[in-house]
Amino acid sequence: MNIELIKGDITKIQTDAIVNAANSSLLGGGGVDGAIHRAGGKQILDECIEIRNRQGKCKTGEAVATTGGNLPAKYVIHTVGPVWNGNEGKESKLLANCYKSALKLAESLEVKTIAFPNISTGVYRFPKELAGKIAVEEVKNFKSAIVEKVIFVCFDNENEEIYRKLLEE
Ligand code: ADP
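All of these numbers come straight from a predicted model, not from anything done at the bench.

Engineer: Give a description of helix 2 (residues 42–55) that names residues and reports values.
Structural biologist: The periodicity of an α-helix, 3.6 residues per turn, causes residues three or four positions apart to be oriented the same way. Compared with the 20 Å implied by 1.5 Å per residue over 14 residues, the 20 Å span of helix 2 between its first and last C-alpha is a close match. The set of residues buried in helix 2 consists of I44, E47, C48 and I51. Angularly, the buried residues of helix 2 cover 105 degrees about the axis, an arc narrow enough to put them on a single face. Away from its buried face by more than 90 degrees, helix 2 exposes K42, E50 and N53.

Engineer: Can you explain the nonpolar core? Please cite residues and give values.
Structural biologist: Counting 30 residues, the largest nonpolar core has Y99, I114, F116, V150, F152 and Y163 as its most contacted members. Of all the secondary-structure elements, those providing two or more residues to this core are strand 2 (17–22), strand 4 (75–80), helix 3 (88–108), strand 5 (113–116), helix 4 (128–141), strand 6 (149–154) and helix 5 (157–168). Element by element, the count of residues in this core is highest for helix 3, at seven residues. The contacts of I114, once residues within four sequence positions are left out, are A17, V19, I77, A102, L103, A106, V147, K149, V150 and I151.

Engineer: Please give an account of the environment of S24 that cites residues and values.
Structural biologist: Residue placement: S24 occurs in the loop between strand 2 and helix 1 (31–40). Note: C-alpha distance between S24 and L5 (19 residues apart in sequence) is 27 Å. The residues touching S24, leaving out its near neighbours within four places in the chain, are K57, C58 and V80.

Engineer: Could you give me a rundown of the layout of surface pockets, with the residues and numbers involved?
Structural biologist: Counted as a void, the largest pocket has a volume near 560 Å³. Together, 26 residues line the largest pocket, and A21, G31, V32, D33 and G122 are the ones closest to its centre. In the lining of the largest pocket, the residues fall into 12 nonpolar, 11 polar and three charged.

What counts, and where the lines are drawn
Per chain, residues are indexed from 1 in the order of the written sequence. Predicted model: local features are reported for residues with pLDDT of at least 70 only, side-chain atom pairs are reported and counted for 80 or more only, and whole-chain, interface and lining totals are derived from all residues. To get the side-chain values, take all heavy atoms of the structure and skip hydrogens and water. For helices the rule is a DSSP run of H or I covering at least 4 residues; for strands it is a run of E covering at least 2, with both sets numbered from the N terminus onward. Helices are assigned an expected span. That span is 1.5 Å times one less than the residue count. Each residue gets one of three labels from its accessible area relative to the maximum for its type: buried under 20%, exposed over 50%, partly exposed in between, using a 1.4 Å probe on protein chains only. The directions from the helix axis to the C-beta atoms form the arc being described. Side-chain atoms within 4.5 Å are what join buried Ala, Val, Leu, Ile, Met, Phe, Trp, Tyr and Cys residues into a set we call a nonpolar core. We call two residues in contact whenever any of their non-hydrogen atoms come within 4.5 Å of each other. As defined here, a cavity is a set of points on a 1 Å grid over the protein atoms alone where a 1.4 Å probe fits but cannot get out. A pocket is an open set with protein on both sides within 12 Å along at least five of seven lines, and residues line them when an atom is within 4 Å of a point. Grid points are joined across faces, edges and corners, and a volume is the space filled by probe spheres set on the points. Each residue gets one label: Ala, Val, Leu, Ile, Met, Phe, Trp, Tyr, Cys and Pro are nonpolar, Asp, Glu, Lys and Arg are charged, and the others, such as Gly, are polar.

Structure (structure tokens):
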């Protein structure tokens, strides 16, 4: 697996799939979720509503896919990260599940290149260092004959620095 680090806005990335740090309602929110829905247009929300009508809310650690609407990416994989409440064991496992679920779903969609934001490290307050460690570990552990490249898209300097160090190791 080829791993890359980019500093910037995930809505601008041209890949087969980008991952959204959604909330369980799937109806949009702030942060990266808001940016993806704004840039991707109504199509993404319509598909999210369809998914909700079909299967209900998306549980923490799980993932669902829509098309990319007006985005350069073909798909958006929406996953729901855990809110950090200090229960390290439980919340770390849930965050790891986000990466696992998104990668599995990407594989089933025959995605070759996928971009991840730093799930849960914004409004959900997950400690950035720990979140980065989990993200890199899950991606490295994921063995796939389909997914060839994972791009970590860091929006803030702190995450960029954390990922740079983790990927140098
Ligand atoms: P969560 O609720 O999962 O914490 P947030 O969207 O609040 O989700 O934050 C997750 C991460 O996404 C944060 O590190 C934030 O800096 C980052 N982020 C916000 N906007 C964008 C964007 N347009 N592209 C990539 N990352 C973004």
